[in-house]
Amino acid sequence: MPPEPYYITTPIYYVNDRPHIGHCYTTVVADVAARFARLLGRDVFFLTGTDEHAEKVVTTARERGLTPRQWSDANAAEFRRAFRLMEVAESDFMRTSEDRHKTRASAYIKRLMDSGDVYLGDYVGWFDASQEEYLTETVAKEHGFNSPVTGKPLEKRTEKNYFFRLSKYEDRLRAHFDARPEFVLPEARRNEVLGRLRQGLNDVPVSRAVKEGDEDWGILMPGDPGHRVYVWIEALCNYLTAVDEPERRKYWPATVHVMAKDILWFHAVIWPAMLMALGEPLPRTVYAHAYFVAEGRKMSKSLGNFIEIDLLEAYGRRYSIDAVRWYLATQGPLGATDADFAHARFVEVYNADLANGIGNCASRVGNMIEKYFGGQIPEEGGWGEIAFDLGFHRTGSEVDSEVADWLENFEQFDLSSALACGTAIATNIDLLINRTQPFKIAKQIENDVALRVVLAQILKHCAEAIRIASLLLYPAMPAKMASLWRAWNCSPLNDPDDADSGFRAPLAELAEWGGTWSLKPGQRIAKGDPLFMRADPAEPAPTA
RNA sequence: GGCGAGGUAGCUCAGCUGGUUUAGAGCGGCGGAUUCAUAACCCGCAGGUCGAGGGUUCGAGUCCCUCCCUCGCCA
């Protein structure tokens, strides 16, 4: 049975932007989910990329004396660099200016025109002649129907425009929402969309008139060079254009589209309606997370407090990128409410979860195996229950239950709860060590040789539990877990030096307590360097 | 203005259809114990009128009403 495909996407990012925590958060969330799925043995396709056809791209490029192509090449490269830095391993990076996207997107529009779902109509709007742009009714009203920039009166203008017959799909959309509660998540976001859906849907413009002297940038309406496909509409198409080829067709429909809440409407209503019109199946889930704020304050240009990639890079240098990923994945706004990127909080989480948690636990176990068994997994004792009553003879099944919870939480897309299953194992091992006190037993071995078996069993249990915990933590911290696996000679990766090289077996086999992939007697465990050095809360925050 | 979410320990939050207790967890803080470990781990404590007021009920963070506040979506 071939593995079930898992297709996850991020939005394609506006190529004029500088990569910041918002882009990185969405992308890291998708990457973590993709790694969960790969670890489970699914056939994963993970798409991200850049949205390049906005008019502003042309003007910005011109200001810099560059062609739109040159300008977007440079900025798309910045996004790629940011994602390499964040240890993101996408399957493909789609740029909307690529031919493969343009030709396929154009073909979709053509199909919609042929079927009548896209038609030529009259667009009436408030035109700001000084800025050469249309304003929405709301914005126009706000400014007393004068230009927000120059204050000159707006003109009510009518122009020919292509529309998508969104209204036609209102009932089918509603039915889909009813039938698939997981279609839009989290639930609060779903309610918002449903509320708005109840107010009815209007057809939406999908083209912009081509003006004299316009740069050839974008996609022309099929058969009508006087109009260009509106960037939003063609951008949505990227999810399908990227996989609309024979070898990749199996990935459609997408398992989950991840994005921030501001662009939910396009993904939850317009895109699904377009797919219905195209006769394509709909994505299983559209997941809209909330925002990160910075040190308790909303990020804005005026405050100049955007957390840009350079600051995340600085955090990465001091605490490791995996620690940054851990913070994003476990403390981030995956739910409906915003989350805070605060330095004090970062250090607390880093110390509690990583340095004092899994890091310290791996250290103490590695150290004892080094000290008492010469750095080798002892021969004595099996993987069964610990031989005498220490109150903890069910370690194996407790670990199994964490693995089960991990999977369950991942299926709900509750990444932080899933990851917590990994740290929970470490916590239980800390408890086991304190209760069984192997370091005391070690001192009594000379007097009672039988105790050596007990000591061996305890430490084997601890090490095996940590091995399995590390698998559960891998999606958030691929580099650190890969280094632990190297030190312990138990890498499940195809290439132990490459955290992105894929797994030699699915989790069900890898995480089997005492199974094929378990630690073997005689196997060398290097104590190694601490995974996460404890951080000093008093140290000032890193700066970019 | 319309629709929606929410206000629970210092912080982040659990508490589903009302009655497991003297309202919980994690983190932080305080005290203790311990030494295998990264001053880590473990144990104990921390008294929050569950936004305000009123009501229903034998009994309400948990239902109803009013009010205050925060936030989201839309207009």
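Residues numbered from 1 in each chain as written. Chains lettered and ligands numbered in written order. Predicted model: local features only at pLDDT ≥ 70, side-chain atom pairs only at ≥ 80, totals over all residues. Heavy atoms only, no water.

1. Structural notes on the overall build of chain A
Each helix and strand in chain A was counted, giving 19 helices and 15 strands. With respect to the principal axes defined by its C-alpha atoms, chain A has extents near 95 × 50 × 40 Å. Counting the 544 residues in chain A, one finds 54% classified as buried. On chain A, roughly 23,200 Å² of surface is accessible, and the fraction owed to carbon and sulfur atoms is 49%. (Helix = DSSP H or I, 4+ residues; strand = E, 2+ residues; numbered from the N terminus. Buried < 20%, exposed > 50% of the residue type's maximum accessible area, 1.4 Å probe, protein only. Areas by Shrake-Rupley, 256 points an atom, 1.4 Å probe, with all protein chains shown as cover.)

2. Side note on the packing of aromatic side chains
Inspection of the entire model under this criterion finds 30 aromatic pairs. Arranged with centres 5.8 Å apart and planes meeting at 5°, the rings of Y13 and F79 form a pair that is stacked. Linking Y13 in strand β1 (residues 5-14) with F79 in helix α3 (residues 68-85), this pair joins segments that are 66 residues apart in sequence. The residues Y13 and F79 share a single accessibility class, namely buried. Here the aromatic rings of F177 and F183 are separated by 5.2 Å at their centres, their planes lie at 90°, and the arrangement is edge-to-face. A relative accessible area of 0% means that F177 is categorised as buried. With relative accessibility at 0%, the residue F183 sits in the buried group. (Phe/Tyr/Trp six-rings, centres within 6.5 Å; stacked < 30°, edge-to-face > 60°.)

3. Regarding the packing of helix α6 (residues 170-179) against helix α10 (residues 264-278)
Where α6 contacts α10, the axes come no closer than 10 Å and their chain directions differ by 110°. On the basis of the axis angle, α6 is roughly perpendicular to α10. Contact with α6, carried on its side by R172, L173, H176 and F177, involves A268, V269, P272, A273 and M276 of α10 and no other residues of that element. Of the residues assigned to the contact of α6 with α10, the class counts are seven nonpolar, one polar and one charged. (Axes fitted to C-alpha atoms, helices over the stretch in contact; angles between N-to-C directions. Parallel < 35°, antiparallel > 145°, perpendicular 65-115°, else oblique. Contact = heavy atoms within 4.5 Å. Nonpolar A, V, L, I, M, F, W, Y, C, P; charged D, E, K, R; others polar.)

4. Considerations on the environment of Y239
Of note, Y239 is situated in helix α9 (residues 238-241). For Y239 and L531, which are 292 residues apart along the polypeptide, the C-alpha to C-alpha distance reads 37 Å. Ignoring any residue separated from it by four or fewer positions in sequence, one finds Y239 in contact with Y7, T9, T10, P11, I12, L47, W252, H257, H267 and W271. At a separation of 2.7 Å, a polar atom in the side chain of Y239 contacts the side chain of H267. (Polar contact = N/O pair within 3.5 Å; in protein donor to acceptor, adjacent residues only side chain to side chain.)

5. Section: the domain arrangement of chain A
Accessible area lost on assembly of the parts is the figure often given for the size of an interface. As far as domains go, chain A holds domain 1 (6-289) and domain 2 (343-510). Taken over C-alpha atoms, the centre of domain 1 sits 44 Å from the centre of domain 2. Tallying the contact residues gives 17 residues for domain 1 and 20 residues for domain 2. Surface buried jointly by domain 1 and domain 2 totals about 1,600 Å² across both partners, of which 79% is contributed by carbon and sulfur atoms. It is R35, F36 and L39 in domain 1 that bury the most area against domain 2; as a group they hold 48% of the surface buried on that side. The interface formed by domain 1 and domain 2 contains one salt bridge. Residues R35 and D500 are paired through a salt bridge, measuring 3.0 Å at the closest nitrogen-oxygen approach. Taken together, the connections running from domain 1 to domain 2 amount to three residue pairs in polar contact (both at pLDDT 80 or more). (Domains from an automatic or database assignment. Buried area = accessible area lost by both parts, 1.4 Å probe. Salt bridge = Lys/Arg side-chain N within 4 Å of Asp/Glu carboxyl O.)

6. Observations regarding helix α11 (residues 309-319)
Within α11 the residues assigned to the buried category are I309, L311, L312, A314, Y315, G316 and Y319. Looking one or two residues beyond α11, the residue adopting positive phi is S320, at roughly 90°.

7. Things to note about the sheet that holds strand β3 (residues 92-95)
Taking strand neighbours across the sheet as the criterion, the six strands line up as β3-β2-β1-β12-β13-β7 in an open arrangement whose pairing is parallel. Looking at which strands have only one partner, the edges of the open sheet turn out to be β3 and β7 (184-185). Pairing between strand β12 (residues 256-260) and strand β13 (residues 285-289): five bridges, direction parallel. Bridged to H257 within β13 is V286. In this fold helix α1 (residues 21-39) packs onto β1, β2 (43-51), β12 and β13, with an angle of close to 170° to the strand it touches most, β1. (Pairing = 2+ DSSP bridges.)

8. As for the nonpolar core
Within the largest apolar cluster, 122 residues are counted, with the highest numbers of intra-cluster contacts made by I8, M86, F341, F413 and W488. Take this core: its biggest share by element is 15 residues, from helix α17 (residues 451-473). Here this core gathers at least three residues from each of two domains, domain 1 (6-289) and domain 2 (343-510). Excluding residues within four positions of it along the chain, W488 makes contact with A362, V365, G366, A463, I466, R467, L519, Q523, R524, I525 and A526. Counting residues in hydrophobic clusters, the runner-up holds 53 residues, among them I109, M221, Y239 and M276. (Core = buried A, V, L, I, M, F, W, Y, C linked by side-chain atoms within 4.5 Å.)

9. Overview of the protein's contact with RNA strand B
Near RNA strand B you find 30 residues, and of these E192, N360, R364, N434 and F532 are the closest. Looking at RNA strand B alone, sugar and phosphate atoms form 74% of those within 4 Å of the protein. Between RNA strand B and Q199 there is a distance of 3.3 Å, counted from a sugar or linking oxygen to a side-chain nitrogen or oxygen. Of all the secondary structure elements, the ones that give two or more residues to the surface near RNA strand B are α7 (187-198), α13 (343-373), α15 (415-436) and α16 (438-444). No other element matches the 13 residues that α13 contributes to the surface near RNA strand B. Looking at the surface near RNA strand B residue by residue, the classes come out as eleven nonpolar, eight polar and eleven charged. (Near = heavy atom within 4 Å.)

10. Thoughts on the pattern of salt bridges
Counting across every chain of the model gives 35 salt bridges. Its salt-bridge partner being E78, residue R18 comes within 3.5 Å of it at the nearest N-O pair. One end of the pair, R18, is in the loop between β1 and α1; the other, E78, is in helix α3, with 60 residues separating them in the sequence. Owing to a relative accessible area of 41%, R18 belongs among the partly exposed residues under this scheme. Residue classification places E78 among the partly exposed positions, given a relative accessible area of 24%. Notably, a salt bridge pairs D122 with K160, separated by 3.1 Å at the nearest N-O pair. With a gap of 38 residues between them, D122 in strand β4 (residues 118-128) and K160 in strand β6 (residues 155-164) connect regions that are remote in the sequence. The exposure class assigned to D122 is partly exposed, which follows from its relative accessible area of 47%. Each member of the salt-bridge network shares a partner with another, and the members are R18, E78, R81 and E313.

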